[in-house]
Amino acid sequence: MQQGYLCFEGIECVYSRLDDGLIVTPKNESDIRTMFQYCHKTNFFLEYQNRIYKKSVAYVKQIIPRGDNSFRFVTKYNVALIGEYNVTGFTITGDDIDVFFSPSKYFFRKKSAGESLDTDLLYDKIKADDFIFTYSEKRITATLYYGNILEKGIASDLKIHPHLRVEFDSTSNINFIFGLYETIVKFLKLVRYQQNINLKPIELFGPTETHDKSILGIMYSNIYITKDYRKTSDSEYEIFKPYINQILQLVSDDQDFSIRHFPLSEDDSYKYDVQRYLSIFASFEYECNKNSEEYLQQNDELLRSVKNDLLNCIQALKKNTANDIERTFLDNARNRISQLGTQYGQEKKIINAYYKIEDIFKESITFLFPHGFKIKELASRLSKLRAKIAHDNLYRELTDEEARDIRFMEVLSYIMLLKRAGLKDETIELVIGAVFHCNFKYMDFYKN
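Overview of the structure. Computed from a prediction, not measured in an experiment: that's the story for all the values here. Residue positions are given per chain, counting from 1 as you read along its sequence in written order. With the structure being a predicted model, the display of local features is reserved for residues of pLDDT at least 70 and the display and counting of side-chain atom pairs for 80 or more, all residues being used for whole-chain, interface and lining totals. The basis for the side-chain values is all heavy atoms of the structure; hydrogens and waters are excluded.

### Comments concerning the overall build of the chain
Next up, step 1: A count of helical and extended segments in the chain gives 16 helices and 12 strands.
Next up, step 2: Under the scheme applied here, a residue whose accessible area is under 20% of the maximum for its type counts as buried, over 50% as exposed, and between as partly exposed, the area being computed with a 1.4 Å probe on protein chains only. Per-residue burial over the chain gives 49% buried out of 448 residues.
Next up, step 3: Residues count as neighbours in contact if any of their non-hydrogen atoms are within 4.5 Å of one another. Contacts in the chain between residues at least 24 apart in sequence constitute 66% of all its contacts with a sequence separation of at least 6.
Next up, step 4: The method behind every accessible area is Shrake-Rupley, applied with a 1.4 Å probe, and residues are considered shielded solely by the protein chains displayed. Total accessible area on the chain stands at roughly 23,900 Å², and carbon and sulfur atoms take up 47% of it.
Next up, step 5: This count recognises Lys and Arg as positive and Asp and Glu as negative, with His and chain-terminal groups excluded. Lysine's charge is taken at NZ, arginine's at CZ, aspartate's at CG and glutamate's at CD. Taken as two groups, the 60 positive and 64 negative side-chain charges of the chain have centres that lie 2 Å from each other. A run of H or I in DSSP becomes a helix once it reaches four residues, and a run of E becomes a strand once it reaches two; helices and strands are each numbered from the N terminus.

### Quick look at helix α12 (residues 358–368)
Next up, step 1: Turning to α12, its buried residues number three or more, namely I360, F361, S364, I365 and L368. Down the axis of α12, the smallest arc covering the buried residues is 125°, so these residues share one side. Among the exposed residues of α12, those pointing more than 90 degrees away from its buried face are D359, K362 and T366.
Next up, step 2: Check the buried side of α12 and you find it contacts α11 (346–356), α14 (400–420) and α15 (425–436). Note: the arc covers the axis-to-C-beta directions of the helix.

### Considerations on the packing of α14 against α15
Describing two packed helices takes the angle between their axes plus the distance from one axis to the other.
Next up, step 1: One can describe the packing of α14 onto α15 by two numbers: an axis separation of 10 Å at closest approach and a directional angle of 140°. Comparing the axis directions of α14 and α15 gives the class oblique. For the pair α14 and α15, the sense of crossing is right-handed. The segment α14 lies against α15, with R407, E410, V411, Y414, I415, L418 and K419 engaging D425, I428, V431, I432, V435 and F436. Angles shown run from 0 to 180 degrees and are taken between the N-to-C directions of axes, each axis being a line fitted to C-alpha atoms and, for helices, limited to the stretch in contact. Any angle from 65 to 115 degrees is called roughly perpendicular, while one under 35 is roughly parallel, one over 145 is roughly antiparallel, and all others are oblique. By definition, turning the near helix anticlockwise from the far helix through less than a right angle yields a left-handed crossing, and turning it clockwise yields a right-handed one.

### Structural notes on the packing of helix α7 (residues 274–290) against helix α13 (residues 375–391)
Next up, step 1: At their nearest, the axes of α7 and α13 sit 10 Å apart, and the two run at 120° to each other. Comparing the axis directions of α7 and α13 gives the class oblique. In this structure, α7 crosses over α13, and the sense of that crossing is left-handed. Contact residues: V274, Y277, L278, F281 and E285 in α7; L382, S383, L385, R386 and I389 in α13.
Next up, step 2: Put simply, Ala, Val, Leu, Ile, Met, Phe, Trp, Tyr, Cys and Pro go in the nonpolar bin, Asp, Glu, Lys and Arg in the charged bin, and everything else, Gly too, in the polar bin. In terms of residue class, the contact of α7 with α13 is made up of seven nonpolar, one polar and two charged.

### Topic: the environment of E151
Next up, step 1: Within the secondary structure layout, E151 lies in the loop between β9 (138–147) and β10 (162–171).
Next up, step 2: With a relative accessible area of 44%, E151 lands in the partly exposed category.
Next up, step 3: Sequence spacing of E151 and I140 is 11 residues, and the spatial spacing of their C-alpha atoms is 25 Å.
Next up, step 4: Ignoring anything within four residues of it in the chain, the contact list for E151 reads S156 and H163.

Here it is in structure tokens:
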């Protein structure tokens, strides 16, 4: 546990650093009462020093008093730098990097393709790929490489690990660095299709007085858990390889799309409750709205003359009333009538979305519904279940039939997201087979 001294709002304190924050204690007992005045403070930067890292920065989300006259500073992230240096990149490693960019699969494929390995992986590395995208109007390059097993000397674990080295223009903006890191983490969550990610603290690098590229320090936001970890997954780099740039760009451009409906891990993939269903439905509607011309709008040509007559009547009524309440009512009525016939209801949204991507679903539907299904009946069940949960405060365990229907909605939503990222239909079939095990396309892919 790292310890040291810091000054907070003029109060001299000692601290000990935890993985998710700082324990801060005023040096003078008389300052404890003063510290309570700052417990309302949230979302701020705290700079401090220690013997090794001359510049440490914590983004503090909140301050919580403890029972021993100390205060817990809960942090969003922490950065520890050896000095006032600009950062030009960082390196990401950890379990989910190992799984998605599996070294065993990478080198097995190279061997199967007859490619020789001339690199000494103990001391050198192989560059496998470059991914390029834009974040916050800056060009970002992420390089995937394998090797450098003894990079940390006797502290190395003697295993081959993939490294993702992310580089950008020199910056001292810590928020930019963390935002970029979060974007890449969200990309990993999307392709791994899970919420929990186990990564090591990232190493920050940049130029110093003596070297063009030196390790400057670390940034961390979550605890790295050392445990037995599943080292393989069907959803992996080789399937996504042609589209990684596009997916990274989608995640960078659309910071608002939610992944709260993703399972916590692959082991939780089949666990559904009412809250998760609401999140899945919200994700589906979000994708509909992101591509409304494709999924929401319908032709109102047959109703247009009737609508125009009604809108003209409302306009005439509005001219003849000076009552503000009535005018507001007429405005609302006009807006509602304008939308009628141009947008689908919830059931029709599901039906329309399914028909738009039916070709991708063809083989998977027999796995999801082995006894057959009718899309209109399925859409009706999904819509009614959502209404019961939202309006009747339904909270119970879901039936097997309901869970099966929800899985269809989950796959549908993921397909729509991948199509928005620009993946081709045949690739999306591979992906949903690997993630949801609802077809054999991905198994054929690995055989070939």
